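Reading the structure
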Amino acid sequence: MTAQLIDGKLIAQQVRDDVAAEVARRVAIGKPKPGLATVLVGDRVDSATYVAAKQKACHELGMVSYHYPLPAEISQDELEKVIRALNADELVNGILVQLPLPSHLNEERVLQLISIEKDVDGFSPLNIGRLAQKGREPLFVPCTPYGCIYLLEQAGIKIEGANAVVLGRSNIVGMPAALLLIGKNATVTVCHSRTKDLPAVVRQADILIAAIGRPEMVRGDWIKPGAAVIDVGINGIPLLNSDGSPVLSEKTGKPRQKLVGDVNFAEAQAVAGYITPVPGGVGPMTIAMLMKNTLRAAQIQQD
Ligand code: NDP
């Protein structure tokens, strides 16, 4: 068996096209362009790259991006002042605080402060609390898990009644992914670093969401034949020549890296029914779902 590829790049583009069309329709009838504020504290290169990609997506989809680069040494009070001002700013529909914050800042207090109607990342305790309660709906679902579920649904995979295994229990991916699957009536097992006999647990999965940040840890013989595999992991590993030596960059002379997921793709593809590639699977969905959430924020606040 060769698994059917779930093309995250294509599905993300369709989400983006739909968002752009709805933004254009709203602007044509006189509504303001949706606005997303990005708050970046400090100068982490990876965080700056993610924020730049989010700003670019805003522009491409006809939204407005307001960027707040703040010094790494900003105090809790000063940062909270910025968030309060953004909560009160009518031009700003969504607020995204790029995580992680420098260690002297209290992340929980900052996330708690974001108005629930502007919490487009879906990380505020109010949104997560609603996600965790039966019969309650969050205003916004965290973007990466939202993207995972969207990919499953677009691929036509039945979630109701399925045995789903989520590898990882982080606040931003594993835990909300598990809550979403429960909400869709899957029977869910959540695994983490203390789980015993991980391969045996994973072998029960009709649906596997892997979000552990361990390159290619999930092997082909862990996968139940025909399972749907959603690989969230983004891991850089050295790119090797056929003799096993590292491939060096022509520009910098440094060893080059390639991106792999948490699942050994070649092995899993031979067993699974459906699989997402890395790159080009879950990755592009995260920003697409952020744009969808920002549009939703504008709809909630302006309609
Ligand atoms: P975290 O490091 O916050 O969480 C990792 C989770 O995996 C933890 O729950 C940890 O368990 C568990 N874990 C770690 N090692 C093992 C192991 N050997 N066996 C079983 N469980 C293990 O990571 P994130 O959730 O933030 O990210 C996970 C991956 O997803 C990363 O590769 C990240 O780059 C990627 N990612 C991709 C995104 C995208 O847009 N595609 C967005 C966000 C993340 P414990 O709780 O016990 O420590």
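Residues numbered from 1 in each chain as written. Predicted model: local features only at pLDDT ≥ 70, side-chain atom pairs only at ≥ 80, totals over all residues. Heavy atoms only, no water.

Next up on the list: the overall build of the protein chain. A tally of regular secondary structure across the protein chain gives 10 helices and 11 strands. Its C-alpha radius of gyration of 20 Å places the protein chain within 12% of the 19 Å reference for a compact globule of 303 residues. In terms of overall dimensions, the protein chain has a C-alpha envelope of 55 × 55 × 40 Å along the principal axes. Within the protein chain, the fraction of its 303 residues that count as buried is 46%. With the model as given, the accessible surface of the protein chain reaches about 14900 Å², and the carbon-plus-sulfur share is 52%. Side chains of the protein chain give 31 positive and 31 negative charges; the mean places of these two sets differ by 2 Å. (Helix = DSSP H or I, 4+ residues; strand = E, 2+ residues; numbered from the N terminus. Rg over C-alpha atoms; globule rule 2.2 N^0.38 Å. Buried < 20%, exposed > 50% of the residue type's maximum accessible area, 1.4 Å probe, protein only. Areas by Shrake-Rupley, 256 points an atom, 1.4 Å probe, with all protein chains shown as cover. Lys, Arg positive; Asp, Glu negative; His and termini not counted. Charge placed at Lys NZ, Arg CZ, Asp CG, Glu CD.)

This part takes up the sheet that holds strand β4 (residues 94-97). Pairing in this open sheet of 3 strands is parallel, and the strands run β3-β2-β4 from one edge to the other. Lying at the two open borders of the sheet, with one neighbouring strand each, are β3 (64-70) and β4. Direction aside, the axes of adjacent strands within the sheet are offset by 15 degrees on average. One ladder, built from 7 bridges, connects strand β2 (residues 35-41) with β3; its direction is parallel. Bridging across to β3, Ala37 finds its partner in Tyr66. Contacts from helix α3 (residues 76-88) reach β2, β3 and β4, with the element oriented near 180 degrees to β2. (Pairing = 2+ DSSP bridges. Axes fitted to C-alpha atoms, helices over the stretch in contact; angles between N-to-C directions. Contact = heavy atoms within 4.5 Å.)

This part is about the site of the ligand. Lining the immediate environment of the ligand, one finds 21 residues, of which Arg169, Ser170, Ser193, Ile234 and Thr286 sit closest. Residue Arg169 places a side-chain N or O atom 2.7 Å away from an oxygen atom belonging to the ligand. Between the ligand and Thr286, the relevant distance is 2.7 Å, taken from an oxygen atom to a side-chain nitrogen or oxygen of the residue. Coverage of the ligand by the protein amounts to 71% of the 920 Å² it exposes when considered alone. When the residues that make up the shell around the ligand are grouped by side-chain class, the tally is 9 nonpolar, 10 polar and 2 charged. (Near = heavy atom within 4 Å. Polar contact = N/O pair within 3.5 Å; in protein donor to acceptor, adjacent residues only side chain to side chain. Nonpolar A, V, L, I, M, F, W, Y, C, P; charged D, E, K, R; others polar.)

For the rest of this paragraph, the subject is the nonpolar core. The biggest cluster of nonpolar side chains holds 49 residues, and the ones touching the most others in it are Leu152, Leu181, Ile207 and Met291. Mapped onto this core, the elements with two or more residues apiece are α1 (8-28), α2 (45-60), α6 (143-154), β5 (163-167), α7 (174-183), β7 (207-210), β8 (228-231) and α10 (283-302). A total of 8 residues in this core trace back to one element, the largest contributor, which is α10. Discounting chain neighbours no more than four positions away, the residues touching Ile207 are Leu152, Ile157, Lys158, Ile159, Ala162, Asn163, Ala164, Val165 and Ala228. In this structure, Ala37, Leu101, Ile114 and Phe123 belong to the second largest nonpolar core, which totals 19 residues. (Core = buried A, V, L, I, M, F, W, Y, C linked by side-chain atoms within 4.5 Å.)

The terminal C-alpha atoms of α2, which comprises 16 residues, lie 23 Å apart, in line with the 22 Å expected from a rise of 1.5 Å per residue. When we look at burial in α2, the residues that qualify are Ser47, Val51, Lys54, Gln55, Ala57 and Cys58. Taken end-on, α2 shows its buried residues confined to a sector of 160 degrees, consistent with a single buried face. In α2, the exposed residues that point more than 90 degrees away from the buried face are Val45, Lys56 and His59. Tucked into the core, α2 has its buried residues touching α1, β2, β3, β4 and α10. Within two residues after α2, Gly62 carries a phi angle of roughly 85 degrees, on the positive side. (Expected span 1.5 Å × (residues − 1). Arc of directions from axis to C-beta.)

A full pass over the atoms with the stated rule returns 0 aromatic pairs. A cation over an aromatic ring shows up here: Arg296 above the ring of Phe140, its NZ or CZ 5.9 Å from the ring centre. (Phe/Tyr/Trp six-rings, centres within 6.5 Å; stacked < 30°, edge-to-face > 60°. Lys NZ or Arg CZ within 6 Å of the ring centre and 35° of its normal.)

Any functional reading would require information that these geometric values do not contain.
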